[in-house]
2 protein chains.
Amino acid sequence: MSKKNKKPQKLKARLPRGFVDRSADDIRAVNSMMAKISEVYERYGFDPVETPMFEYTDCLGKFLPDSDRPNEGVFSLTDDDQWMSLRYDLTAPLARHVAENYNDITLPYRTYRAGYVFRNEKPGPGRFRQFMQFDADTVGAPGVQADAEMCMMMADVMEALGIKRGDYVIRVNNRKVLDGVMEAIGLGGDENAEKRLNVLRAIDKLDRLGVEGVRELLGEGRVDESGDRTEGVGLPDISINVIIEFLQKQNFFKDLDDEKYSGRLMGAPSKNKPINYFGLFQAMRGGAKELLEMNKIFESCGYERNRIVVDQACVRGLEYYTGPVFEAELTFPVTNEKGQEVVFGSVGGGGRYDGLVSRFMGQPVPATGFSIGVSRLMTALKNLGKLDTAKTLAPVLVTVMDGDAMGQYQSYVQQLRNAGIRAEMYQGNWKKFPNQLRYADKRDCPIVIIQGSDERDAGKIQLKDMIEGKRQAAAIESNEAYRAARPGQFEIEEDDLVAEVQKLLAEQGE
Amino acid sequence: MSKKNKKPQKLKARLPRGFVDRSADDIRAVNSMMAKISEVYERYGFDPVETPMFEYTDCLGKFLPDSDRPNEGVFSLTDDDQWMSLRYDLTAPLARHVAENYNDITLPYRTYRAGYVFRNEKPGPGRFRQFMQFDADTVGAPGVQADAEMCMMMADVMEALGIKRGDYVIRVNNRKVLDGVMEAIGLGGDENAEKRLNVLRAIDKLDRLGVEGVRELLGEGRVDESGDRTEGVGLPDISINVIIEFLQKQNFFKDLDDEKYSGRLMGAPSKNKPINYFGLFQAMRGGAKELLEMNKIFESCGYERNRIVVDQACVRGLEYYTGPVFEAELTFPVTNEKGQEVVFGSVGGGGRYDGLVSRFMGQPVPATGFSIGVSRLMTALKNLGKLDTAKTLAPVLVTVMDGDAMGQYQSYVQQLRNAGIRAEMYQGNWKKFPNQLRYADKRDCPIVIIQGSDERDAGKIQLKDMIEGKRQAAAIESNEAYRAARPGQFEIEEDDLVAEVQKLLAEQGE
């Protein structure tokens, strides 16, 4: 037998790609952000409701844009011979929830929920396979006044987070208008449903890829910088031109409430035979009428055009939308990974999905809602310096100098805690005292408690003011001098511990 | 072709077994409960950190008690040819997190986290396949003072939630003591690891199954009331008797700090050959010493024996514990599904797991922590009437009487919201007005705003006090009289809307 020193194979600690851990600062900041969002939702009369992570795959449906992975971008597994999937959004599960509990629910049903969703996609920079959404939905609301309310609520959320007017805009469109364009280029009918969806998804990338990128996606396809090829929709040039022209029309909807303008627009005749302008007209009219109604509500409620604006390039990449769609976009510039200056872009959106609940019901159940991408929004607030990063004060550290006195040290800690002061006893290997001070330093402890056996016998405790200590230490030159000076350190009576710590914390806070 | 009226196959809205939706009341109550728990964790010097739902299966390890399902009770799927699993607890992922970020982490590392975990188990009443845990852990803390702190923190959590002394107890034991028992009956050594674990899991069911149930599980196996058979450990009677005797010893650890007693106990000789009392003695001594040290800390800090108690039947069913283990048990009686009165039982627990981080490291990284079962605890608080069920006030409802005035109605709502008042416009089919009042009634709206075209032209608004209205309505006999009387309803100036609503809400709150 060889006695070679073979290292045992160690298990490698690693996370699957596209999944991340969250730090204390991030968690606290997100919690504070989400509390502000909840406050707006609650004020608007929404109540929380939550569904689990798993649904039966058939209940979720296949509404996901990305299909470069098995299971159409969803994490799925079988359970007792039925396929279950992790939810990819919070809307499809809500539809299942409403249908399952239809008889117990009072309509209109106004609810909100935050939760993780999962996408089995190719991970990339800033693209995660688990991320948090924060949704609000109204089920059983047939009119566009419900959609208008969603847009105003998104605007109010932005402002509640400190994003000022001009730094955000809510873009609004209507799927019926887009359906008109589809109809016009001969993509109407059930048999073209998938093609239509692919067109929408191509349009949805206008922000990121520009006109030429969209043109490629609508035609033969596109090869990105990493060499990955995305299949194109394969439309003929003449159809692509109609779509691009539609997207590029300046002020397309700006004057929608000018009846003459919209009439001219919708009825616009053409000599170009392959374009079915009658279809365009028919379908668009419904969508345009709804957009006009929504605009009236925005005006009555004082939401000016610089806050909520109609934009024909706003499409949303999900299949299930049936009417108004909307998107919250942040318009301030940021520098992307390639060093280019771009607008921050979308942090959430939604729309009307009248078919999603009815799939289960055999009767129409209209619904509308939106979703906020929590991590995206957090990144945006970081960029704006609006993220609530107020540090939680680190605990007071009770150090250990004598292994026999653990009970006593811990009792000091408990006294402090019972007085509402954040405190802990050093729980590492206490035998090297400088390690304890180093720990206090790294952890930003404001005060350190020290008691050796001499002090204990005398009923005394040493308090070290870490902030004052650091200030004084800056002026001390040698290690020896430092140790002799004990900067910021003073002795108190054991019985005065809580009062003295409270006093010192108050002074430090001034 | 037959023209039979064939109903189309409708999609059935349903959740997979073992998964549930959460109501508004539950969500609000749990949030309030969790805020109280966080407050204790923070006071103890712990900071939040979170990991994602997925881990590579090899990083999680196989530490789950139930293996009546494929993948040893875990939900798993392959990703790029590697197995990933949904976390089954929050401890194994924390170990991965610490190992992966070891160089950036200051030890001891005190953290807490709440999150959903998943078990691919047979669902049963009150047994879910997705549930929430709320954990606290200290990594890099070798001494039992860290374990003792965990026990005290669990006790403080119970009290912060309003569970009074006597209604809860923290049970403490040490795996080393149990290892002694195993050693004694010849189950020492790596080759018996699985058997030892099965013995622990059998003991863990003492509460639920009683002595005879545990005896069956240690021996030939057990058939439960549903006819399901659980395989037994297959120990000989002589070994089973040692375990049962150990479990039944009254006051086994009560006098652990009486050195004479524990010496007598641990050194107890026997004529019975198959029992290796030397092994029992050797292994137990270490565990007993640690329990004594912990007891000293509990005493110094004023945690009496009725709050934290050593109990040899406390084992915890997970394989990874290496030293002290502890459990928070609620001792008040509840009636179970069979109508029997039982103690409520465990709501959380934990222990020392010195091997879990080191698996990745090639160096020892001691750690200890515990987990609270959030749903179990919520059920317990419900039973005790200690759950914070303060209702959020329902919104003020602005009704719709005129489709052309949607903008105006919505602007009233926005005025109220801007003043911080929860409000909504009716978003259902508004044409049947009684439906709107019925909605307000079901939703418990405190005030309803009504404005027809006459009132609008006159700049007036009708306010309906729903609480006063209900009171008056009780005395009105006919529907006609009710409609004529308009109970609780009065007219105000449009401009006074916010002020009048504020005034009325204040009056209602008195």
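Refer to the structure above for everything that follows.
**Student:** How should the packing of helix 4 (residues 144–160) of chain A against helix 13 (residues 406–418) of chain B be read in this particular structure?
**Tutor:** To characterise two packed helices, one gives the angle between the axes of the helices and the distance between these axes. Look at helix 4 of chain A against helix 13 of chain B: their axes get within 12 Å of each other, and the N-to-C directions meet at 30°. Compared by their axis directions, helix 4 of chain A and helix 13 of chain B come out roughly parallel. In this structure, helix 4 of chain A crosses over helix 13 of chain B, and the sense of that crossing is right-handed. Residue-level contacts link Q145(A), E149(A), M152(A) and D156(A) of helix 4 of chain A to M406(B), Q410(B), Q414(B) and R417(B) of helix 13 of chain B. Looking at the contact of helix 4 of chain A with helix 13 of chain B residue by residue, the classes come out as 2 nonpolar, 3 polar and 3 charged.

**Student:** When you look at unusual backbone geometry in this model, what are you seeing that I'm missing?
**Tutor:** Note on backbone geometry: most residues besides glycine have negative phi, and most peptide bonds are trans. Residues and elements named next belong to chain A. A cis amide bond, omega -10°, links L107 with the succeeding residue P108. If you trace the backbone, P108 turns up in the loop between helix 3 (91–100) and strand 5 (109–118). With a phi angle near 65°, D444 is a residue other than glycine that sits in the positive phi range. When you line up the elements, D444 lands in the loop between helix 14 (433–442) and strand 16 (447–450). Among the residues examined, D444 registers a relative accessible area of 52% and is labelled exposed.

**Student:** What is the right way to read the interface of chain A and chain B from this model?
**Tutor:** Accessible area lost during the coming together of the parts is what is often quoted as the interface size. Facing the 97 residues of chain A at the interface are 97 residues of chain B. For the pair chain A and chain B, the two sides together bury roughly 7,800 Å², of which 55% comes from carbon and sulfur. Connecting chain A to chain B are 22 salt bridges. For R129(A), the salt bridge identified is with D79(B), shortest N-O distance 2.9 Å. Residue contributions to the side of chain A that touches chain B peak at 8 residues, all from helix 13 (residues 406–418) of chain A. Residues of the side of chain A that touches chain B, tallied by class, amount to 43 nonpolar, 26 polar and 28 charged.

**Student:** I'm lost on the pairing of strand 12 (residues 341–352) of chain A in this one. Help?
**Tutor:** Within a regular beta strand, the side chains point alternately toward one face of the sheet and then the other, so they alternate between its two faces. All names here are of chain A. Inspection of the sheet shows strand 11 (residues 324–335) paired to strand 12 by 9 bridges, in the antiparallel sense. Across the sheet, the residue bridging to V325 is G351, located in strand 12. Adjacent in sequence and paired antiparallel, strand 11 and strand 12 are bridged by 5 residues, among which G339 carries a positive phi angle near 80°.

**Student:** Would you mind showing me how to read the relation of the copies chain A and chain B here?
**Tutor:** The two chain copies are related to each other by a rotation about an axis together with a translation along it. Expressed as a screw operation, the relation of chain A to chain B combines 0.0 Å of axial shift with a rotation of 180°, fitting to an RMSD of 0.1 Å. Accordingly, the operation relating the two chain copies is best matched by a two-fold axis. For chain A, the residue whose C-alpha comes nearest the rotation axis is L77(A), separated from it by 3.4 Å. When you check the interface residues of chain A against chain B, 100% turn up at the interface there too, and the contact is symmetric in its surfaces.

**Student:** For this particular structure, what's the right way to read the nonpolar core?
**Tutor:** Generally speaking, soluble globular proteins have nonpolar side chains that are buried together. Y41(A) and Y41(B) are the most contacted members of the largest nonpolar core, which has 279 residues in total. Sequence-distant contacts of Y41(B), defined by excluding residues within four places in its chain, comprise F46(B), Y112(B), F134(B), D135(B), A136(B), M153(B), V157(B), F370(B) and I372(B).

**Student:** Whenever I open this one, helix 5 (residues 175–184) of chain A confuses me. Can you help?
**Tutor:** Every α-helix carries 3.6 residues per turn, so stepping three or four residues along brings you back to the same face. Residue and element names in this part refer to chain A. Where burial is concerned, most of helix 5 is hidden: 7 out of the 10 residues are buried. Listing the buried residues of helix 5 in full gives R175, V177, L178, G180, V181, M182 and A184. With a side-chain oxygen positioned 2.9 Å from the backbone nitrogen of K176, the residue opening helix 5 is N174. At the C-terminal side of helix 5, G186 shows a positive phi close to 80°.

**Student:** What am I meant to see in the pairing of strand 12 (residues 341–352) of chain B here?
**Tutor:** Sheet topology note: the strand 12 of chain B/strand 13 (residues 367–373) of chain B ladder contains 5 bridges and is antiparallel. What sits directly across from G349(B), in strand 13 of chain B, is S371(B).

Analysis parameters
- Residues numbered from 1 in each chain as written.
- Chains lettered and ligands numbered in written order.
- Predicted model: local features only at pLDDT ≥ 70, side-chain atom pairs only at ≥ 80, totals over all residues.
- Heavy atoms only, no water.
- Axes fitted to C-alpha atoms, helices over the stretch in contact; angles between N-to-C directions.
- Helix = DSSP H or I, 4+ residues; strand = E, 2+ residues; numbered from the N terminus.
- Parallel < 35°, antiparallel > 145°, perpendicular 65-115°, else oblique.
- Left-handed = near helix turned anticlockwise from the far one by under 90°.
- Contact = heavy atoms within 4.5 Å.
- Nonpolar A, V, L, I, M, F, W, Y, C, P; charged D, E, K, R; others polar.
- Buried < 20%, exposed > 50% of the residue type's maximum accessible area, 1.4 Å probe, protein only.
- Buried area = accessible area lost by both parts, 1.4 Å probe.
- Salt bridge = Lys/Arg side-chain N within 4 Å of Asp/Glu carboxyl O.
- Pairing = 2+ DSSP bridges.
- Least-squares fit on C-alpha atoms with pLDDT ≥ 70 in both.
- Core = buried A, V, L, I, M, F, W, Y, C linked by side-chain atoms within 4.5 Å.
- Polar contact = N/O pair within 3.5 Å; in protein donor to acceptor, adjacent residues only side chain to side chain.

Note that every value here comes from positions in space, so none of it alone points to a role or purpose.
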